Amino acid sequence: MKNVDLVIVGGGPAGLAAAISAKENGIDSILIIERDKELGGILNQCIHNGFGLHTFKEELTGPEYAARFIAEAKKLNIKYILNTMVMEIGSDKKITAMNRSEGLFEIQAKAVVLAMGCRERSRGALNIPGYRPAGIYSAGTAQRLVNMEGYMPGKEVVILGSGDIGLIMARRMTLEGAKVKVVAELMPYSGGLKRNIVQCLNDFDIPLKLSHTVVDIEGKERVEAVTIAEVGPDRRPIAGTEERYTCDTLLLSCGLIPENELSRGAGVELSRITSGPVVNESLETNIEGIFACGNVLHVHDLVDYVSEEAKNAGKNAAAYIQNGAARDTRTIAINPTGGVRYTVPSTIRPDRMDDTLTVRFRVGDVYKNYSIVTYFDEEKISERKRPVMAPGEMEQVILKKADLLERPGLKTVTITVEGA
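Residues numbered from 1 in each chain as written. Predicted model: local features only at pLDDT ≥ 70, side-chain atom pairs only at ≥ 80, totals over all residues. Heavy atoms only, no water.

## Quick look at the side chain of R349
Thinking step 1. When you line up the elements, R349 lands in the loop between β21 (347-348) and β22 (356-361).
Thinking step 2. Here R349 falls in the buried class, since its relative accessible area comes to 13%.
Thinking step 3. In terms of polar contacts, R349 uses its side chain to reach the side chain of S282, at 3.4 Å.
Thinking step 4. In this structure, R349 is in contact with N280, E281, S282, E284, A326, T329, R330 and T331, ignoring residues within four places of it in sequence. (Helix = DSSP H or I, 4+ residues; strand = E, 2+ residues; numbered from the N terminus. Buried < 20%, exposed > 50% of the residue type's maximum accessible area, 1.4 Å probe, protein only. Polar contact = N/O pair within 3.5 Å; in protein donor to acceptor, adjacent residues only side chain to side chain. Contact = heavy atoms within 4.5 Å.)

## Looking at the pairing of strand β6 (residues 85-89)
Thinking step 1. As paired elements, β6 and strand β7 (residues 94-99) share four bridges and run antiparallel to each other. Pairing of I89 across the sheet is with I95, part of β7.
Thinking step 2. Hairpin geometry of β6 and β7 is characterised by an intervening segment of four residues between the two adjacent antiparallel strands and by a positive phi of about 65° at K93. (Pairing = 2+ DSSP bridges.)

## So, helix α5 (residues 164-175)
Thinking step 1. For α5, built from twelve residues, the straight-helix expectation of 16 Å at 1.5 Å per residue is met to within 8% by its first-to-last C-alpha distance of 17 Å.
Thinking step 2. Residues of α5 that are buried: G166, L167, I168, M169, A170, R171, R172 and M173.
Thinking step 3. Taken together, the buried residues of α5 touch α4 (139-149), β11 (156-160), β12 (179-185), α6 (194-201) and β17 (249-252). (Expected span 1.5 Å × (residues − 1).)

## Re the nonpolar core
Thinking step 1. Core analysis: the biggest nonpolar cluster contains 64 residues, and L6, I8, I89 and I95 have the highest contact counts within it.
Thinking step 2. For this core, the element with the highest residue contribution is helix α8 (residues 303-323), accounting for eight residues.
Thinking step 3. Ignoring sequence-local partners within four residues, the contact set of L6 consists of A22, I27, S29, I30, L31, A111, V112, V113, A317 and I321.
Thinking step 4. If you look at the next biggest cluster of nonpolar residues, it comprises 20 residues, including I332, I334, F361 and M389. (Core = buried A, V, L, I, M, F, W, Y, C linked by side-chain atoms within 4.5 Å.)

## Examining the pattern of salt bridges
In a structure, side chains of opposite charge can pair up when their charged atoms sit close to one another.
Thinking step 1. Under the counting rule described, the total for this entry stands at 22 salt bridges.
Thinking step 2. With a closest N to O distance of 3.6 Å, E259 and R35 form a salt bridge. Of the two residues, E259 is situated in the loop between β18 (256-258) and α7 (261-265) and R35 in the loop between β2 (30-33) and β3 (49-51); the sequence distance between them amounts to 224 residues.
Thinking step 3. Of the charged contacts, one joins K380 and E383 as a salt bridge, the two residues approaching to 3.0 Å between their closest N and O atoms.
Thinking step 4. When salt bridges with common partners are traced through the structure, they connect R35, R119, E259 and E261 into a single cluster. (Salt bridge = Lys/Arg side-chain N within 4 Å of Asp/Glu carboxyl O.)

Structure representation (structure tokens):
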């Protein structure tokens, strides 16, 4: 049994930022466990630019962004092990892992940061009718094949789902010589960033069909054609609206799911909205000393926000190791309502928070000229008008510690969306 103060599960952007932050806050005994053969996580295959505008005030590619954090972690002599799979995390923070060189081994940690990232929804989760031929990929798998392995998944492509990876792969496949025929999206709005719709679809004349889904896949050995149809408000296909596209490849970009099997096994409470852990202002889960950050907590739109969140998780994990568990302090619930689907965090202990706290959330629909309104119990505290809000982009509210401490009887902070 090895003893380590802080174990970080995942060596992607969240895990690296958390480790660096913990080290800078006085923790020397840190171990990052990464299942891949290199650090950097999903960023290694994201060779497009657009990363780092908030963090570094310049535009970087995914590997460039990751390289800066990897270099910093190495400079600080933070230990990491690669090609290692964490099998189980106990509520006592005992971690069981395995790799080829050491076999099965255990590590006892004083604190754990969960930074496992997220995965894509598979075809099995989408219930698409039709045959089961070759040529159906998740957008992320296609991205890895093209950008890292040097393989081209196909030449004639239909994409289902308008998540950011799907939009970016529409452009990438086009640049590699494929013909992307259409991007179909089940919802009446895109799931990706507005800038990706402009740069990846509009600039290449790739049609985006909202409120459409795949209703049939043809082909025995390989995909030969895909039929899409319009859907009504109930998300069911409308008869007579079918359109058939011949193609050899179908890419699925139908949303991301936080990778939380380990969290569930440790007894961490998960949100039914995000599928990620429920956390407080310190990004601590219901299991004392287990923290979560990045896409394992909730799916982010920008990696810069992942790094910012992970930095806080690392700092708070360091404080927990040094000072132990917090005394019983007043807890205020955050109530998301009226179009706000969830908030991270879900609860706040004013005594434990920094001077300001960024509460991040997503809305459930497209809202134009609506306001984000914050209430302390029944008292309206702030109102910020937004020209457009969409589910594809995260929103935020900043709460001040002084405002919360001024109100010792405060029970609930409500964040909602209200019309003009």
